[in-house]
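# An overview of the molecular structure
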Amino acid sequence: MSDPSPPLHANRDSMDAKVTRRIMPVLMVSYFFCYLLRQNVNNAHDDMIRDLGFTQEQYSNGIGAFFLTYITFQIPGNILMRRIRPSRWLGGLMVAWSVMAGCLCLVRTPWSLYVIRFFMGMTEAGFYPGLLYYITLWFPLELRPTRIAMLSVGGAVSGVMSGILAYGILQMEGMLGLHGWQWIFILEATPSVLFGICTMVGLLPDHPSYFKSPQEAHARMSWLTLEEVSHHFYDTSHAPSCPPSSTNKDEHSINVSPSNVPPPSNAAWLLFMDIVRIVLTWRLWLLGIIMCM
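Here goes a summary of the coordinates provided. These numbers were taken from a predicted model, which means no experiment stands behind them.

Calculation rules
Residues numbered from 1 in each chain as written. Predicted model: local features only at pLDDT ≥ 70, side-chain atom pairs only at ≥ 80, totals over all residues. Heavy atoms only, no water. Helix = DSSP H or I, 4+ residues; strand = E, 2+ residues; numbered from the N terminus. Buried < 20%, exposed > 50% of the residue type's maximum accessible area, 1.4 Å probe, protein only. Contact = heavy atoms within 4.5 Å. Areas by Shrake-Rupley, 256 points an atom, 1.4 Å probe, with all protein chains shown as cover. Phe/Tyr/Trp six-rings, centres within 6.5 Å; stacked < 30°, edge-to-face > 60°. Polar contact = N/O pair within 3.5 Å; in protein donor to acceptor, adjacent residues only side chain to side chain. Patch = residues over 30% accessible without salt bridge, like charges linked within 9 Å, V, L, I, M, F, W, Y side chains within 5 Å. Salt bridge = Lys/Arg side-chain N within 4 Å of Asp/Glu carboxyl O. Expected span 1.5 Å × (residues − 1).

Check the secondary structure of the protein and you find 13 helices and zero strands. For the protein, the α and β elements follow one another from N to C terminus as α-α-α-α-α-α-α-α-α-α-α-α-α. Per-residue burial over the protein gives 41% buried out of 293 residues. Counting contacts in the protein only where the partners sit at least 6 residues apart, residues at least 24 apart contribute 76% of the total. Summed over its atoms, the accessible surface of the protein is roughly 15,900 Å², and 68% of this surface lies on carbon and sulfur atoms.

Okay, structure coming up:
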């Protein structure tokens, strides 16, 4: 008997609209908090320097410590996401960097600022690339630019609101014996931590390819029909690198012949060539320059 072919969906636009309504608001709010907590250290700049007696050089070094690990851990972060469910990975990262951002209220010395910003960069490094990878799981190539643009709206709104929020929170100077800049880190990090926990426990759905069967995935995401879940389950162009376990296979499981699996040495060589091709892509470097400006 021939292998089953991927189910065809009669109305792809309707399915993509469902996915957009379900996941994009979560991603936009997540990126809103990400950008907000990344910028709040700038809003607290003047008051922190005044209250802690930091020099401008010490403060700038603390800002730069973030980017040391933020750049270094982006690629390992994306590799890990292919092995960990997005809800747990993205939600866990969000909780981690939100806690680090909240810990900035405890800064007393330059080195405490360096250490916290160092670990904040480490925990946030895989988040934005992870959001982009998550979008590629759900949407075909032609829809990804618009969904990434929607994601960027969260960052833009955060950029507009961060200064306004910081100004209002700074008026809490002296409340409960804390400075206004300490309240900025506390009040902006707390809802981000809570939202990250909600993301981990079900607010952000995992892609069907992370489950063992379409039926198991459909049980966790009733907002899609079984046919729609099956379409994503069998669309393995961006499936995670850890395939479903061979146990508990059902009648819809696909038997992969060993002849279709490349030998490990060849797979490693293809991975290396992919990395070289990506590094030599001039559009990537142009985007990086634009992002740094």
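This paragraph deals with the packing of aromatic side chains. Under the criterion given, the structure shown has 13 aromatic pairs. Between Y134 and W138 the ring centres are 6.4 Å apart and the planes differ by 70°, which places this aromatic pair in the edge-to-face class. Linking Y134 with W138, this pair stays in helix α7 (residues 127-138), spanning four residues, or about one helical turn. For Y134, a relative accessible area of 0% corresponds to the buried category.

Locating S209 in the fold gives a position in the loop between α9 (180-203) and α10 (214-220). On the accessibility criterion, S209 (5% relative accessible area) is buried. Separated by 21 residues in sequence, S209 and S230 have C-alpha atoms that sit 9.2 Å apart. Engagement of the side chain of S209 in a polar contact is seen with the side chain of H207, the distance being 2.7 Å.

Turning next to a nonpolar patch on the surface. Together, L271, I275, I278, V279, L280, L284 and W285 give the surface a local cluster of nonpolar side chains, amounting to about 720 Å² of exposed area. Mapped by element, the contributors of at least two residues to the nonpolar patch are α12 (264-279) and α13 (282-292). Counting residues per element, the nonpolar patch draws most heavily on α12, which supplies four residues. When you line up the elements, L271 lands in helix α12. With relative accessibility at 52%, the residue L271 sits in the exposed group.

Let us look at the environment of L36. Turning to its location among the elements, L36 is positioned in helix α1 (residues 12-43). Taking the relative accessible area as the measure of exposure, L36 reaches 3% and is therefore buried. In this structure the C-alpha to C-alpha distance between L36 and S158, which are 122 residues apart in sequence, comes to 5.4 Å. Discounting chain neighbours no more than four positions away, the residues touching L36 are S158, S162, L165 and E188.

We now examine helix α5 (residues 86-102). Given a rise of 1.5 Å per residue, 17 residues ought to cover 24 Å, and the 24 Å separating the end C-alpha atoms of α5 matches this to within 8%. Counting buried residues along α5, 12 of its 17 residues qualify, which places the element largely inside the surrounding structure. Residues of α5 that are buried include every one of P86, S87, W89, L90, G91, L93, M94, V95, W97, S98, A101 and G102, and no others. For α5, the elements touching its buried residues are α1, α4 (74-81), α6 (110-124), α7 and α9.

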